[in-house]
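Chain by chain, the residues run as shown.
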2 protein chains.
Amino acid sequence: MSGATQIFAIRDFNRFYTARLGLLRKRHLDGEFSLTEGRMLYEIWANPRLTASNLRGVLGLDAGYISRLLASLTKRKLVRQAVSKADSRERLLSLTQAGEKKMAALNRQSEQQIEELLQGLNGEERERLVASLGVVRSLLTAQKSSEVQIERLSEVTGEVLDLLQEYYEAVGVMVRDTPESVREIVDDPDAGVWIATLNGKIVGCAYLHSLPSMPGATECKRLYVRPSARGKGVAHALLDAQEAFAKGRGFKRIYLDSKDDLRVAIGLYQRRGFVACERYNDNPQATVFLMKEIAETPKKALRRS
Amino acid sequence: MSGATQIFAIRDFNRFYTARLGLLRKRHLDGEFSLTEGRMLYEIWANPRLTASNLRGVLGLDAGYISRLLASLTKRKLVRQAVSKADSRERLLSLTQAGEKKMAALNRQSEQQIEELLQGLNGEERERLVASLGVVRSLLTAQKSSEVQIERLSEVTGEVLDLLQEYYEAVGVMVRDTPESVREIVDDPDAGVWIATLNGKIVGCAYLHSLPSMPGATECKRLYVRPSARGKGVAHALLDAQEAFAKGRGFKRIYLDSKDDLRVAIGLYQRRGFVACERYNDNPQATVFLMKEIAETPKKALRRS
DNA sequence: TGAAAATAGTTGCTTTAAGCAACTATATAT
DNA sequence: ATATATAGTTGCTTAAAGCAACTATTTTCA
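Quantities reported herein were computed from a predicted structural model and do not represent experimental measurements.

Thresholds, definitions, all that
Residues numbered from 1 in each chain as written. Chains lettered and ligands numbered in written order. Predicted model: local features only at pLDDT ≥ 70, side-chain atom pairs only at ≥ 80, totals over all residues. Heavy atoms only, no water. Near = heavy atom within 4 Å. Polar contact = N/O pair within 3.5 Å; in protein donor to acceptor, adjacent residues only side chain to side chain. Helix = DSSP H or I, 4+ residues; strand = E, 2+ residues; numbered from the N terminus. Pairing = 2+ DSSP bridges. Contact = heavy atoms within 4.5 Å. Axes fitted to C-alpha atoms, helices over the stretch in contact; angles between N-to-C directions. Least-squares fit on C-alpha atoms with pLDDT ≥ 70 in both. Buried area = accessible area lost by both parts, 1.4 Å probe. Salt bridge = Lys/Arg side-chain N within 4 Å of Asp/Glu carboxyl O. Domains from an automatic or database assignment. Nonpolar A, V, L, I, M, F, W, Y, C, P; charged D, E, K, R; others polar. Buried < 20%, exposed > 50% of the residue type's maximum accessible area, 1.4 Å probe, protein only. Phe/Tyr/Trp six-rings, centres within 6.5 Å; stacked < 30°, edge-to-face > 60°. Lys NZ or Arg CZ within 6 Å of the ring centre and 35° of its normal.

Looking now at the protein's contact with DNA strand C. For DNA strand C, the set of nearby residues contains 19 residues, the closest of which are Ser53, Ser67, Arg68 and Arg89 of chain A together with Ser88 of chain B. Across the atoms of DNA strand C situated within 4 Å of the protein, the share located in sugar and phosphate is 60%. Arg68 of chain A has a polar side-chain atom sitting 2.4 Å from a base oxygen of DNA strand C. Taking Asp62 of chain B, its main chain carries an N or O atom lying 2.8 Å from a phosphate oxygen of DNA strand C. Among the elements of the structure, helix 3 (52–59) and helix 4 (63–75) of chain A together with helix 4 (63–75) of chain B are those that each provide at least two residues to the surface near DNA strand C.

Next comes the structure, spelled out in structure tokens:
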């Protein structure tokens, strides 16, 4: 297929898909929230510790407009704004209980629309649809922003501890690592702490440490990316680095756990080839357990899957 | 993959793709035309004999707003409005020469953006992208609107001749069929004229007639769908009926020709499996020649392609 | 260290996009 | 022949979003 034909096909698909999305949105318009308010609620729901200026970046809207919309949502008791301790100019956004409830309703509604869209597709066709969307997405995401730098720490810095602190608060982690335990991981040649920097500033981190009870397995923990740096492939870059390291050390599988409400994160893991597995630890907060084979698999075995 | 996970994946993709499209549009915003004006120009360009109320349907906008935008584009000498002979309430829209020129510029710009989007994908990846988009589209288009009825004519009616007249004018056909020649096709057991009706009204037609010089081959001609009925799968339904007929009569291949500026139509043919072939007639207006194998092909042969 | 520059957010004002409703003119149905 | 529907226009209004000027912090760097 020639280049011009490809470009035509893509434009044509874009028109087609825009029309389809438009249909979904038209019906979404049942009163209470404008489309943009809905997107804002979603982003706040999905990204703990989001700020107004993060929203500006994600939604691509004017700061003044966002300010007003946030003020309105706050007055309606759906959103809370807490002055950040680290930087008292910014307000950390979160949903109130009422906001969570509305969001759940919106999500249900939206899911129902997708369900309607899938009406008339059988199981096999749905699988194919999801798989094709996955291919499209991974191809279009491939171009990593080269400003993201990944580094395996050789010593524990205050910056990392601050970032971890942020992670604990964002995700609501109960059992926190002590600086000593972090240092232990840093010093372990079969484990490590990776950090991601964007334009020189630290924006993300993740551990890798082996699971003594499971030979050949290593676990990824504390994977976190600051809200302001989301959508730039930072998590992917961190996982890439960890997978390369784990392969180099001869590990066969990477495990990780998560919470079922962290759907964006779980979606990301799944796109990278992580699949559900049995509970492998006794972390009471974890409800989702995922595993990825990283050993080179013979092609025949791959085909079979 | 569970149903809930699938739905999540689709919603997630929609957000991702919306963001990508948003980026494209932001940059499109360089002055002269609003997004909606651009879409209007595109539709007028792509659909001869479009009317304001067709646009209402396609773009999903208020009639008053469309009226105003059209008035503006007309004042700017980009669009022409001709009172329809058949119904003097409606105005047939077309681009002026200046409008065509602007449209060409817009298309170039848009193509360049897609080209940028593809930056960093190699040839094989691009093929995969286009193929996946095709799968998505065909899956989501599968649900045909059941109101479309297809019928193989047993006699020539005035309605069909009117529709053909419309086709000639829309596409700018030089050599027109006489009523006698149409009747000949209708009466030929190995050929035929198909019409599509939507809620009882005729909205589309197409011929099929054999090519004496090419045994096993039949040609599709005069495939036309009224602008007001586009996007409802009418053309697909007509082609489905023709392909079934052709298979039943033992034909192995369907040919058709087109003009390279009828890109929407050509895109549709390609999605159905038509591939470029050599010029097979001496129609001076045709610049694109397509062919589809309709005989059941052994799977091995399919794989190889 | 302290002034200048940058960043986060707010507020008044304006622009733009788009809808609604009432209207004219023509066409279709009973 | 009259009622009803359709295509399009025009006046008025609303909603969405941007711009610019402003305050309060924080960061930079000479």
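All right, on to the sheet that holds strand 6 (residues 217–225) of chain B then. Residue and element names in this part refer to chain B. With mixed pairing, the 7 strands of this open sheet are ordered in space as 3-4-5-6-7-9-8. Of all the strands in the sheet, the pair left with one neighbour each is strand 3 (148–152) and strand 8 (275–276). Taken together, the 6 bridges between strand 5 (residues 201–210) and strand 6 define a ladder with antiparallel strand orientation. Residue pairing in the sheet places His209 in a bridge with Glu219 of strand 6. Contacting strand 4 (192–198), strand 5 and strand 6, helix 7 (residues 158–171) crosses the sheet at an angle of about 80° to strand 5. Most of the contacts of helix 10 (residues 263–271) go to strand 9 (residues 288–293), to which it runs at about 20°, and overall it touches strand 6, strand 7 (253–258) and strand 9.

Let's shift gears to the sheet that holds strand 9 (residues 288–293) of chain A. Residues and elements named next belong to chain A. What the 7 strands build is an open sheet, ordered 3-4-5-6-7-9-8; its pairing is mixed. Because the sheet does not close on itself, it has two edges, and the strands there are strand 3 (148–152) and strand 8 (275–276). Here 6 bridges tie strand 7 (residues 253–258) to strand 9, and the two strands are oriented antiparallel to one another. Counted as the bridge partner of Leu256 is Leu290 from strand 9. In the packing of helix 10 (residues 263–271) onto the sheet, contacts are made with strand 6 (217–225), strand 7 and strand 9, and the angle to strand 9 comes to roughly 20°.

We now examine the relation of the copies chain B and chain A. When chain B is fitted to chain A, the residual RMSD is 0.1 Å, and the transformation amounts to a turn of 179° plus an axial shift of 0.0 Å. Here the transformation between the copies is reduced to the relation of a two-fold axis. Identified as the residue of chain B closest to the rotation axis by C-alpha distance is Ser132 of chain B, at 2.5 Å. A share of 100% of the interface residues of chain B reappears at the interface of chain A, consistent with the copies meeting face to face through the same patch.

Before going further, it helps to spend a moment on the interface of chain B and chain A. Residue-level contacts link 51 residues of chain B with 51 residues of chain A. Here chain B packs against chain A, burying approximately 5,300 Å² in sum over the two surfaces, 65% of which is carbon and sulfur. Taking the shortest distance from any N to any O, the salt bridge between Arg11 of chain A and Glu111 of chain B comes out at 3.8 Å. Of all the elements in the fold, those that place two or more residues in the side of chain B that touches chain A are helix 1 (3–28), helix 5 (97–118), helix 6 (123–141) and helix 10 of chain B. Here the side of chain B that touches chain A takes 19 residues from helix 1 of chain B, the largest share from any one element.

The subject of this paragraph is the domain arrangement of chain A. Residue and element names in this part refer to chain A. Considered domain by domain, chain A is made up of domain 1 (3–141) and domain 2 (150–304). Summarising the inter-unit geometry, the C-alpha centres of domain 1 and domain 2 are found 26 Å apart. With 10 residues of domain 1 at the interface, the matching set in domain 2 holds 10 residues. Taken as a group, Pro48, Arg49 and Arg137 account for 50% of the area that domain 1 buries against domain 2, more than any other trio of residues on that side. Linking Glu111 and Arg263 is a salt bridge whose minimum nitrogen-to-oxygen distance equals 3.5 Å. In terms of residues, the side of domain 1 that touches domain 2 owes the most to one element, helix 2 (residues 35–46), which gives 3 residues.

Moving on, we come to the protein's contact with DNA strand D. The immediate surroundings of DNA strand D are formed by 19 residues, with Tyr65 of chain A together with Ser53, Ser67, Arg68 and Arg89 of chain B found nearest. Close to the protein, within 4 Å, the atoms of DNA strand D are drawn from sugar and phosphate at a rate of 59%. Here a base oxygen of DNA strand D sits 3.2 Å away from a polar atom, N or O, in the side chain of Arg68 of chain A. A distance of 2.4 Å is found between a base oxygen of DNA strand D and a side-chain nitrogen or oxygen belonging to Arg89 of chain B. Breaking the surface near DNA strand D down by element, the ones donating at least two residues are helix 4 of chain A together with helix 3 (52–59) and helix 4 of chain B. The element best represented in the surface near DNA strand D is helix 4 of chain B, accounting for 4 residues. In terms of residue class, the surface near DNA strand D is made up of 4 nonpolar, 7 polar and 8 charged.

This brings us to the pattern of salt bridges. All names here are of chain A. All chains considered together, the criterion is met by 32 salt bridges over all chains. A salt bridge links Arg226 to Glu166; its shortest N-O distance comes to 2.8 Å. Of this pair, Arg226 sits in the loop between strand 6 and helix 9 (234–248) while Glu166 sits in helix 7 (residues 158–171), and the two are 60 residues apart along the sequence.

Residues and elements named next belong to chain B. Position of Glu169 relative to the elements: it lies in helix 7. The class of Glu169 is partly exposed, set by a relative accessible area of 45%. With residues near it in sequence (within four places) discarded, Glu169 still touches Arg49 and Arg176.

As enumerated under the stated definition, the model contains 21 aromatic pairs over all chains in all. These aromatic residues form a ring-pair network of at least three members: Phe13, Phe16 and Tyr17 of chain A together with Phe13, Phe16 and Tyr17 of chain B. Sitting over the face of the ring of Tyr42 of chain B, Arg15 of chain A holds its NZ or CZ atom 3.7 Å from the ring centroid.

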